[in-house]
Amino acid sequence: MAKLDERHLDPAVALAMLGDAAPRNPHRQFALKHSDCFIVTDDYGDIRGRADGLFRDDTRVLSLFRLLIGDTEPSLLGASLSQDNIVFTANLTNLPLTPDKGAPTPQGVIHIERSRLLWDDRMYERIRLSNYSAHDVELPLSVRFEADFRDMFEVRGSTRTKRGKAFDIELGTDHVQMRYEGLDEVVRQSTISFSDRPFALTPDRADFRLNLLRRDSLSLFIEVGVDHLGTPSRERHRAAAAKARWRMRGKRRHGANVHSSGRVFNDWLSRARADIALLTTDLPTGPYPYAGIPWFSTAFGRDGVISALQMLWLNPGLARGVLSFLAQHQATETSMFSDSQPGKIMHETRKGEMAVLRELPFGRYYGGVDTTPLYIYLATAYAKRTGDLSFIDLLWPSLNAAAAWMENASQQDPYGFVSYARAAETGLANQGWKDSFDAVFHADGRIPKGPIALVEVQGYAYAAYGGLAELAALKGEDAKAAHWQACAEAMRISVERHFWMEDRNFYALAIDGEGKPCQVRASNAGHLLYVGLPSPERAQLMTDQLLSAAFHTGWGVRTLPDDELPFNPMSYHNGSIWPHDTAICAAGLARYGARDSVVRLMSGTFEAAVHFNMRLPELFCGFTRSPSEAPVAYPVACLPQAWSSGSVFMLMQASLGLEIDGFAAEIHVTRPRLPIGIDQVSIRRLSVGNVAVDLHFQRVGDRVVAYLDPRHEGLAPLIVRS
């Protein structure tokens, strides 16, 4: 069994692991992904062996990959990702070179362009060298490399008493192969191939002497994959790039697109859509948005559901893929090790050596208390959005099993709540979306005894029961409809009775195993607004606080207000800002009519995105916004992260007041608002029933009007309430 401190399940521990090394800056790291393979490098294009690397199936198959010119690191000019997330490019130049013979080469006359992409579990790189000096140059170029074949959880900090064996590195004339046999008896290998034969090739380095004529250029091609598939070349590189771009274009064409009158705002929309497409993996069950890179590039139940909810109004096909996958992997047995029970929906799946050997439970792990009600809620929301009852019929046995799990969990709780307590010490101690080890506490900072009933989970269960009741009524199953509606109402009453804190005008974070409320105000309670559980009066009291300076920093909603005892703006869950959390709270405000406040939250989120190069990270620090200062990055945040990318679309829907009634094939718009500084928004190819329409929103004076494109008038009813 691996030795794993519980905190190592939280990526924040990387802060402690870095020691004297420079902190990881996610905004100076660049990620590419294809299927279950991804790469994270710095802006030089180098892998330095910290949390970066080339990963395949949760194993790091390249842990060092550095380009040297004359045995020194070149000078960085700049780095970027293509708009479609397919190609990473680093622009570099040389430092002064003093050869053994001939004239020295001054700094800044050799342009080095590294261009890289992933396709079919293989990395393709082109190093283009251009000589702008007045002389021919013999350029000494080296590539250093290693493959440590570490499991993702080892990279994150777990230690193992025993590992598999590394084979001797095999050297060819133009390639090198590294192999490792794990304790699971699976041989994992990584092969680096070069278009030019190296001058010298050793087990950790390839050296080249390139004759670069003045005012001329040449290219070196490198491939890293499982096997040596032939000599890398310009043709192979271009073919892989063409296939990757074609696949990405296909992904980005799924669903409707949002376009605005603001150029910079459109850059945010475009980057967010591209990031969701990058993270979406085509599984046999359909498209599934992997959670984030580097820590969570796999299928997570909660993250997949929330990402699908964010995109549901634009792309229902994503929700269908998520639902299909989760239904296929629904638990059918009880296991303490994997925290599974019949009917429960999966939290996480992994393919690495440690998961295969069951050193950790995450091969297929069910320790997420909220995933099951969220799964049901997504299914009911998908049905309302599309009217696709035939798909719901296929899911119906799974939805019934999930509801039975919720009811069984409620029966174990004195108040009828859905609570959690990990079944084995190897599992997660906290099993809501704030799952770090210190995310749930009493007002004085004490860690509560389990089982724990989180406030937002009861809201998800309330919404799940209510949605199931509506579906059962449509299917003619009146007894089930009445039963589930009664479950929803009982949950609502119990939440209002036991979670509400009269003295604080807010809902408690949780109720512990002794029936004592954790009398802490946290953003979790904002999720109750999203599902419509609170009374209008209590919703208003909550809204006032969520928009107060204690919660709202100017960049977004803090997970914890600054007047609670454990508040720390640099923590993972206790004072930081998570864009998806802000978006869910904003959607809740919109549900209760506070649409102007949604516009305010969207404006702050957009301005944060501008500072983060149009790419919202998983989270950032919860410091109060100050004039002329940027939001503060969180060093170990995932970037990109699916539900952070999807936040802009949830915020946009909440601002526009847009809903699709799939059963009636109608578009409903209620008190629409546009983002600050934006005068026009168009939703193109919006599916409504069996048709697709273009819907426009236009600012006219102090009003916003909504109308169908003239070409599509009459195709779908548009009902606007001002």
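In what follows, the structure referred to is the one given above.
The numbering scheme is per chain: residues are counted from 1 as the chain's sequence reads. In view of the model being predicted, local features appear only for residues whose pLDDT reaches at least 70, and side-chain atom pairs are presented and counted only at 80 or more, with totals across whole chains, interfaces and linings using the full set of residues. Calculated side-chain values reflect all of the structure's heavy atoms, with hydrogen atoms and water omitted.

1. Quick look at empty space enclosed by the protein
Over the atoms a probe the size of a water molecule is rolled, and this reveals where empty space is left. Convention followed: Using only the protein atoms, space was sampled on a 1 Å grid; points where a 1.4 Å probe fits but cannot get out form cavities, open sets with protein on both sides within 12 Å along at least five of seven lines form pockets, and lining residues are those with an atom within 4 Å of a point. Grid points are joined across faces, edges and corners, and a volume is the space filled by probe spheres set on the points. Put simply, DSSP H or I for four residues or longer makes a helix, DSSP E for two residues or longer makes a strand, and each gets a number counted from the N terminus. Classification convention: Asp, Glu, Lys, Arg as charged; Ala, Val, Leu, Ile, Met, Phe, Trp, Tyr, Cys, Pro as nonpolar; all other residues, Gly among them, as polar.
This structure, assessed with the given rule, holds six cavities of 30 Å³ or more. Of the voids in this model, the second largest cavity is the one considered here, and its volume is about 110 Å³. At the level of secondary structure, the elements contributing two or more residues to the lining of the second largest cavity comprise strand 1 (29-34), strand 8 (110-119) and helix 3 (234-252). For the lining of the second largest cavity, the element with the most residues is helix 3, which contributes four residues. Considering only residue class, the lining of the second largest cavity consists of eight nonpolar, two polar and three charged.

2. Some points on the pattern of salt bridges
Short version of the rule: One side-chain nitrogen of Lys or Arg within 4 Å of one carboxyl oxygen of Asp or Glu is enough to make a salt bridge. Only protein chains enter the accessibility calculation, which uses a 1.4 Å probe. A residue is then buried if its area is under 20% of the maximum for its type, exposed if over 50%, and partly exposed in between.
If you walk through the whole model with that rule in mind, you get 49 salt bridges. Linking Lys351 and Asp36 is a salt bridge whose minimum nitrogen-to-oxygen distance equals 2.6 Å. Of this pair, Lys351 sits in the loop between strand 21 (348-349) and helix 7 (353-356) while Asp36 sits in the loop between strand 1 and strand 2 (37-42), and the two are 315 residues apart along the sequence. The exposure class assigned to Lys351 is partly exposed, which follows from its relative accessible area of 44%. Between Lys475 and Asp393 there is a salt bridge whose closest N-O contact spans 2.6 Å. Taken as a pair, Lys475 in the loop between helix 10 (455-474) and helix 11 (478-498) and Asp393 in helix 9 (residues 389-411) lie far apart in primary sequence, 82 residues in all.

3. Describing the sheet that holds strand 3 (residues 53-56)
Hydrogen bonding along the main chain pairs the strands of a sheet, whether they run parallel or antiparallel. What counts here: Strands are treated as partners if at least two bridges between them are detected by DSSP. Axes, fitted as lines to C-alpha atoms, cover a helix only where it is in contact. Angles between the N-to-C directions of the axes lie from 0 to 180 degrees.
The sheet built from four strands is open, its strands ordered 1-2-3-4 with antiparallel pairing. Where the open sheet ends on each side, the last strands, each with one partner, are strand 1 and strand 4 (59-62). On average, adjacent strands in this sheet sit at an angle of 25 degrees to one another, irrespective of strand direction. Where strand 3 and strand 4 come together, three bridges link them in antiparallel fashion. Each bridged residue has a counterpart across the sheet, and for Arg56 the counterpart in strand 4 is Thr59.

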